[in-house]
Amino acid sequence: MVWLDLWAFHVKTIRLKPGREKSLQHKHPWVFAGAVESVSGMPSAGETVDVLSASGDWLGRASYSPLSQIRARVWTWNPDEVVDATFFARRIAGAVDMRRALGLEAETNAMRLVYGESDGLPGVIVDRYADVLVLQCLTAGAERWRDEIVSALIEITGIENVYERSDVDVRHLEGLPKRCGLIRGKLPPEIVIHEGDLAFRVDVCIGQKTGFYMDQRRNRQWVRTMVNSRRVLDCFAYTGGFTVYALAGGAAEVVSVDSSQQALRLAAENVQRNHFSPDRVQWREGNVFSVLREMRDRGQRFDVVILDPPKFAPTAAQAHKATRAYKDVNLLALKMLSTGGLLFTFSCSGGVSAELFQRVVAGAAQDAKVEVQVVAYLSQASDHPVLLNFPEGAYLKGLVCRKM
Ligand code: SAH
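Nothing here was measured: the structure is a model prediction, and the numbers come from that model.

J.: Whenever I open this one, the overall build of the chain confuses me. Can you help?
T.: Counting its regular elements, the chain contains 12 helices and 20 strands. For the chain, the spread of C-alpha atoms along the principal axes amounts to about 80 × 45 × 35 Å. A burial count over the chain gives 54% of its 404 residues as buried. Of the contacts formed within the chain by residues at least 6 apart in sequence, a portion of 64% connects residues at least 24 apart. As displayed, the chain has an accessible area near 17,800 Å², and 53% of this comes from carbon and sulfur atoms. With 49 positive and 46 negative side-chain charges, the chain shows a spacing of 6 Å between the two charge centroids.

The following block contains the structure:
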C-alpha cells in the first residue's frame, strides 16, 4: 500500500474518459483534451506522463501539453521504456539508420533525418543540409528535451553545426514563443547541397520551412523526365527547385513565378550554379493568381505547368477556403495548358485530403471545359515516412494531369 502511494506520488498520469482509449490502443499517438478525465501529479509543460484508460490500464508514456488541444503525445508504447536522454539517442539513431537504409546518402546530402510522429518523436523535426542540421521543436515535449536531442544528434550524425528554426505558428498553440538561431557549432559562409548532379544553395536562416523542399525530391525528378523541349511554367517557384530540374530535363524555356523577390534571387543564383543559361528562364515576381490571369488574357500557352503553392489549409478547419484557392489556380493553369500538356499540381495542406484534392482539380477541369487524365499520383519523398496508424503524417499529394 505504501509502495502504491509512492508510485502514485511520483508518476504523473493522465486518465482518459471511458471509451476514449481506442485510438491509443491502435497506436495513434495523440491524446485530445476532450478525451481527458483527469490529470494527476501536476505535470508541467512537456513533462512525461503515463496515460491510463478509465479503468486504469496503462496505454502509453507521453509528453504533456497543458495548453494545446492535443493534450499529450505518446513517446513510447512500451511500459518498460524510460523517457530520458538515452531514449532520444535511440530514437534518433533509428531514424538516421532508416535514411541510410533507403540509400539516400548516395543521392544527396540534404534529407529529413527526423520526421516527428513518423519517427516516434512527436514534435521533433530535423533536416540535414550538408554539414548543418536544422532543428524544429514544435511541442512542449520537444522543447523540454531540446538539449538532450541536440547532443544526441551531434553524437549520432557527427555533424556539429545545429541551427534552430522553431519559428512556426503551431508553437503558439503550445504557449511557446518562436525561436531561431544557432544552437551549436557555426554556420558555414554558404550552405550548398546537392541532389544527384544538381546543386542548390540553401538559406537555413530565412528560407521557407527549414530552407528547402526535400519532400519534393522525387517529384522534381518526374518533372525532369517529362519536360524535354517544352515550355514550362513553374508557379510558386521559391528558390528554383523545379525550375532547375526542368532546365536539367531540357526544357526549352521556363517561366518562374513567386511573390518573394528574395526567393527568386536565390533561384536565379541556383540556375547559374548549375551552369544553365539564364536566357532560358524568365522570372516573374508577383502574386501567382494575378500573374496567371494576366498571362491567360495575353493568350500565353505552356506545355507543362507546375503548381506548388504554400499550405493554404494547415488544418481541416481551413479546408473550405483553401479549396477555393486550389480550384482557382488549377483552373487558370488548365486553361493555359496546351493540348497534351502536363499539369503537375500539388497540395501540402494537411487539412486537404488526397480525395478532396482530386475532387477540387476535377472541378477546375470541369469549369475549364477540358478533359484530363491523371498519369501519376505523387507524394512526399521517402525521408518523410508515414506511420500506418498516423495518416496525419501524409500531407503532400500531387497529381500529374494530362490535358486531352
Ligand atoms: N516549389 C517550391 C516550393 C514552394 S513554397 C520548391 O519546390 O522549392 C511556396 C512559395 O510560394 C514560396 O516561395 C512563397 O514565396 C510563394 N508564394 C506564396 N503565396 C504566393 C502567391 N500568392 N503568389 C506567388 N508566390 C507565392
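J.: I keep staring at the domain arrangement of the chain and nothing clicks. Help me out?
T.: A common way to express how large an interface is: the accessible area buried when the components associate. According to the domain assignment, the chain contains domain 1 (2–76), domain 2 (85–191) and domain 3 (213–403). Averaged C-alpha coordinates put domain 1 and domain 3 at centres separated by 42 Å.

J.: I'm lost on the side chain of R73 in this one. Help?
T.: Tracing the backbone through its elements, the reader meets R73 in strand β6 (residues 70–76). A distance of 3.4 Å separates the side chain of R73 from the side chain of S65, its partner in a polar contact. Once you skip the residues sitting within four places of it in the chain, R73 turns out to touch P29, W30, R61, A62, S63, S65, S68, E117, P122, T139 and E174.

J.: Looking at this structure, I do not really get the nonpolar core. What am I missing?
T.: The tendency in soluble globular proteins is for nonpolar side chains to be buried as a group. Y129, I193, V232, I306 and F344 are the most contacted members of the largest nonpolar core, which has 40 residues in total. For this core, the domains that each give at least three residues are domain 2 (85–191) and domain 3 (213–403). When residues no more than four places from it in sequence are discounted, the contact partners of Y129 are N109, A110, V134, I191, I193, V202, V204, T210, G211, F212 and M214. Residues L233, A319, A322 and A365 belong to the second largest nonpolar core, which totals 37 residues.

J.: Can you help me understand the site of the ligand in this one?
T.: Close to the ligand lie 15 residues; F236, D258, S259, V288 and D308 are nearest. A distance of 3.0 Å is found between a nitrogen atom of the ligand and a backbone nitrogen or oxygen belonging to F236. Its free accessible area being 590 Å², the ligand has 90% of it covered by the protein chains. Residue classes in the shell around the ligand are distributed as 7 nonpolar, 5 polar and 3 charged.

J.: Whenever I open this one, the packing of helix α10 (residues 288–297) against helix α11 (residues 319–336) confuses me. Can you help?
T.: Two measures define how a pair of helices packs: the angle their axes make with one another and the distance between the axes. Look at α10 against α11: their axes get within 10 Å of each other, and the N-to-C directions meet at 25°. Accordingly, the angle class assigned to the pair α10 and α11 is roughly parallel. Like other packed secondary-structure pairs, α10 and α11 cross with a definite hand, here left-handed. Contacts between α10 and α11 involve V288, F289, L292, R293, M295 and R296 from the first element and A325, D328, V329, L332, A333, K335 and M336 from the second.

J.: I tried to follow the state of the cysteines on my own but got confused; where do I start?
T.: Throughout this description, disulfide means a covalent bond between two cysteine sulfur atoms. Applying the stated rule across the entire model yields 0 disulfides. Free of any disulfide, C180 has its nearest neighbouring cysteine sulfur in C205, separated by 8.4 Å.

J.: Explain helix α3 (residues 85–101) here, please?
T.: An α-helix turns once every 3.6 residues. As a result, residues three or four positions apart point the same way. For α3, built from 17 residues, the straight-helix expectation of 24 Å at 1.5 Å per residue is met to within 8% by its first-to-last C-alpha distance of 24 Å. The complete set of buried residues in α3 reads F87, F88, I92, A95, V96 and R99. On an axial view of α3, the arc spanned by its buried residues comes to 160°, and they lie on one face. Considering only its buried residues, α3 is in contact with β6, β7 (110–115) and α5 (146–157). Immediately beyond the C-terminal end of α3, within one or two residues, lies G103, with a positive phi of roughly 75°.

J.: Explain the pairing of strand β12 (residues 191–195) here, please?
T.: Remember that side chains alternate between the two faces of the sheet whenever the strand is regular. In β12, alternate side chains face the same way, and those of I191, I193 and E195 are buried while those of V192 and H194 on the opposite face are not. The turn joining β12 and strand β13 (residues 198–202), which pair antiparallel and follow one another in sequence, is formed by 2 residues; a positive phi near 60° is taken by G196.

J.: Explain the sheet that holds strand β18 (residues 337–347) to me, please; I cannot follow it from the model alone.
T.: The strands making up a sheet are joined through hydrogen bonds of the backbone, oriented either antiparallel or parallel. Strand order in the open sheet formed by 7 strands is β16-β15-β14-β17-β18-β20-β19, and the pairing between neighbours is mixed. At either end of the open sheet lies a strand with only one pairing partner, and these are β16 (281–285) and β19 (372–379). Averaged over all pairs of adjacent strands, the angle between their axes in this sheet comes to 15°, without regard to strand direction. Bridge count for strand β15 (residues 253–258) against β16 is 5 bridges, and the pairing is parallel. By the bridge assignment, D258 is partnered in β16 with E285. Of the strands in this sheet, β17 (302–307), β18 and β19 are in contact with helix α7 (residues 217–225), which crosses β19 at around 145°.

J.: Would you take a moment to explain the packing of α7 against helix α8 (residues 241–248) for this structure?
T.: Contact geometry of α7 with α8 gives a least axis separation of 7 Å together with a crossing angle of 35°. Considering how the two elements wind past one another, α7 and α8 form a crossing that is right-handed. Side by side, α7 and α8 meet where N219, R220, Q221, V223 and R224 of the first sit next to G241, F242, Y245, A246 and A248 of the second.

J.: Mind showing me how you'd approach unusual backbone geometry here?
T.: With the exception of glycine, most residues fall at negative phi, and the peptide bonds are largely trans. Even without being glycine, M42 reaches a positive phi, approximately 50°. For M42, the location among the structural elements is in the loop between β3 (36–40) and β4 (48–52). Overall, the relative accessible area of 77% leaves M42 in the exposed class. Positive phi is not limited to glycine here, since K369 has a value of about 60°. Its location among the elements puts K369 in the loop between α12 (354–367) and β19.

About the cut-offs
- Residues numbered from 1 in each chain as written.
- Predicted model: local features only at pLDDT ≥ 70, side-chain atom pairs only at ≥ 80, totals over all residues.
- Heavy atoms only, no water.
- Helix = DSSP H or I, 4+ residues; strand = E, 2+ residues; numbered from the N terminus.
- Buried < 20%, exposed > 50% of the residue type's maximum accessible area, 1.4 Å probe, protein only.
- Contact = heavy atoms within 4.5 Å.
- Areas by Shrake-Rupley, 256 points an atom, 1.4 Å probe, with all protein chains shown as cover.
- Lys, Arg positive; Asp, Glu negative; His and termini not counted.
- Charge placed at Lys NZ, Arg CZ, Asp CG, Glu CD.
- Domains from an automatic or database assignment.
- Polar contact = N/O pair within 3.5 Å; in protein donor to acceptor, adjacent residues only side chain to side chain.
- Core = buried A, V, L, I, M, F, W, Y, C linked by side-chain atoms within 4.5 Å.
- Near = heavy atom within 4 Å.
- Nonpolar A, V, L, I, M, F, W, Y, C, P; charged D, E, K, R; others polar.
- Axes fitted to C-alpha atoms, helices over the stretch in contact; angles between N-to-C directions.
- Parallel < 35°, antiparallel > 145°, perpendicular 65-115°, else oblique.
- Left-handed = near helix turned anticlockwise from the far one by under 90°.
- Disulfide = S-S within 2.5 Å.
- Expected span 1.5 Å × (residues − 1).
- Arc of directions from axis to C-beta.
- Pairing = 2+ DSSP bridges.

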